[in-house]
Amino acid sequence: MFEHEAVISLQNIGISYPIKTGFLTWSKHVPFNNVSFDLYRGETIGVIGGNGVGKSTLLRIIAGVIEPDKGSVINYGARVSLLSLGVGFVAHLTGRENAILSGMLLGFRKSEIVQKLDCIKEFSELGVFFDQRLSTYSSGMKARLGFSVAIQVETDVLLIDEVLAVGDKEFKHKSRVEMKRLIQSEKTVVLVSHSLPVIENQCDRVLWLDEEHGNLAGETKKILKLYQEKQK
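Here the structure is a predicted model, which is why all the values come from computation and not from measurement.

### Brief notes about unusual backbone geometry
Backbone geometry places Asn12, a non-glycine residue, at a positive phi of 55°. Of note, Asn12 is situated in strand 1 (residues 6-20). Judged by its relative accessible area of 41%, Asn12 is partly exposed. Here Asn34, not a glycine, exhibits a phi torsion of approximately 55°, which is positive. Considering the arrangement of structural elements, one finds Asn34 in strand 2 (residues 26-40).

Next comes the structure, spelled out in structure tokens:
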């Protein structure tokens, strides 16, 4: 059970951006508005909703990558990492070189990520391809490398954006097991996923972003039931 100690508070968060509606016409799209919730130490909160409602955008706001148009994010001293696959990958660099670059962009010092290269190579199961150019990789191999780098991040709050289903069938299972371990650790996790079984099994609470009905946050089974009823 998680402790009821807030590590991050979102207060009336809202954001908008222009979308093209015609050859020379644009309109303002508001994916979400007035989102408020506290993120507690040790809990896992799932984020659900249809396409375009701002799930990934919300994670980027929590991570401090982008600023909201309105409202505020209060961080009470937590280290926050957005677990994103393939951050900073460059096609003409090798897998090893990309692992170093990606790790540094995720917040590691070069010396720290270099020390983790053997673990990254082993977990990715890339073998000799670890020292081949990324341009020779399949999409599955890139996913293996990206995931293997991302899980090395040591942080208080993990923001996870649809990374449970990466690579081929065997690696997909392996990545799910590893993510389950991270979620069940003492870390605080915000998980965006379209997989309702994953949300139901792993999350203490759920935030449902919905343009039509507003935003709902609450106990996992209750929110998922409401969400599934709307899909019928």
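### Description of the packing of helix 5 (residues 139-150) against helix 6 (residues 169-183)
A packed helix pair is summarised by two numbers, namely the angle formed by the two axes and the spacing between the axes. One can describe the packing of helix 5 onto helix 6 by two numbers: an axis separation of 11 Å at closest approach and a directional angle of 15°. In terms of orientation, helix 5 lies roughly parallel with respect to helix 6. Every pair of crossing elements has a handedness; the one defined by helix 5 and helix 6 is left-handed. For the pair helix 5 and helix 6, the contacting residues are Arg144, Phe147 and Ser148 in the first and Phe171, Ser175, Glu178 and Met179 in the second. Its residues assigned to classes, the contact of helix 5 with helix 6 shows 3 nonpolar, 2 polar and 2 charged.

### Quick notes on the pattern of salt bridges
According to the stated counting rule, one finds 10 salt bridges in the structure shown. The closest approach of N and O atoms between Glu5 and Arg41, which form a salt bridge, is 3.2 Å. Here Glu5 is found in the segment before strand 1, whereas its partner Arg41 is found in the loop between strand 2 and strand 3 (44-48), with 36 residues between them in sequence. Residue Glu5 is classed as partly exposed on the basis of its relative accessible area, which comes to 36%. With a closest N to O distance of 3.1 Å, Arg144 and Glu125 form a salt bridge. Of the two residues, Arg144 sits in helix 5 while Glu125 sits in the loop between helix 4 (117-124) and helix 5, which places them 19 residues apart along the sequence.

Calculation notes
- Residues numbered from 1 in each chain as written.
- Predicted model: local features only at pLDDT ≥ 70, side-chain atom pairs only at ≥ 80, totals over all residues.
- Heavy atoms only, no water.
- Helix = DSSP H or I, 4+ residues; strand = E, 2+ residues; numbered from the N terminus.
- Buried < 20%, exposed > 50% of the residue type's maximum accessible area, 1.4 Å probe, protein only.
- Axes fitted to C-alpha atoms, helices over the stretch in contact; angles between N-to-C directions.
- Parallel < 35°, antiparallel > 145°, perpendicular 65-115°, else oblique.
- Left-handed = near helix turned anticlockwise from the far one by under 90°.
- Contact = heavy atoms within 4.5 Å.
- Nonpolar A, V, L, I, M, F, W, Y, C, P; charged D, E, K, R; others polar.
- Salt bridge = Lys/Arg side-chain N within 4 Å of Asp/Glu carboxyl O.

Function cannot be read off these values alone, since they describe shape.
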